[in-house]
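# Geometric and topological summary
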Amino acid sequence: MRIAVYPGSFDPITNGHLDVIRRAAKVYDQVVVGVLDNISKKPVFTAEERCEMIRMVTADIPNVTCDRFNGLLVDFAKQKQAAVIVKGLRTVADFEYEFQMALLNKALDPEYETMFMMTDTKYSYISSSMVKEVAKYHGELEGLVPSKLIPKIKEKYNKMDGSF
């Protein structure tokens, strides 16, 4: 069984992320979406909320699961018995950063290969940071994130109003 780990913050998951997940699920027997509890970032959604949203939008993809992790990605991949790490790319800037991370992961554990998947061009401008900015100012989220998540995201930002 070929297991892939697709790591990220997913704060929140975007249509670009979902595009990569769907395509990776066609290539690998199982895709574990790894939600990173990154101590250097201050997420809007808790890791559990992010996993819950991922499960909600991948419920129709039977070979996709979600789990939270902190620490080294290679340790998480080993724990999940993954053969490969999948990274989504939108731009050349993404590639430069992700290439460095792939080399670091390879140095930490030579067993792991990183497979890069380009997101569909129609999602190449979307980032979680951009989605958060739009949500903060109550802008239109349709087309940026899966439609079924829009009420959840709006609810979160409505509760945060005044606390920016």
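The structure we're discussing is the one just above.
Let me sum up the structure you'll find in this document. Note that this is a predicted model, so its numbers are computed, not measured.

### Some points on the state of the cysteines
Working definition of a disulfide: a covalent bond connecting the sulfur atoms of two cysteines. What the rule picks out here adds up to one disulfide. The side chain of Cys51 participates in a disulfide bridge whose partner is Cys66; the two sulfur atoms lie 2.3 Å from each other. Handedness here is read from the sign of the S-S torsion; for Cys51 and Cys66, about -85°, the answer is left-handed. Here Cys51, found in helix H2 (residues 47-57), pairs with Cys66, found in strand S3 (residues 64-69); they are 15 residues apart in sequence, far enough to count as distant. In terms of burial, Cys51 and Cys66 fall into one category: buried.

### Some points on the packing of aromatic side chains
Ring pairs (aromatic) are described by centroid distance and by the angle formed between their planes. Evaluated as defined, the whole model comprises four aromatic pairs. One aromatic cluster in this structure is built from Phe95, Phe99 and Phe116.

Calculation notes
Residues numbered from 1 in each chain as written. Predicted model: local features only at pLDDT ≥ 70, side-chain atom pairs only at ≥ 80, totals over all residues. Heavy atoms only, no water. Disulfide = S-S within 2.5 Å. Helix = DSSP H or I, 4+ residues; strand = E, 2+ residues; numbered from the N terminus. Buried < 20%, exposed > 50% of the residue type's maximum accessible area, 1.4 Å probe, protein only. Phe/Tyr/Trp six-rings, centres within 6.5 Å; stacked < 30°, edge-to-face > 60°.

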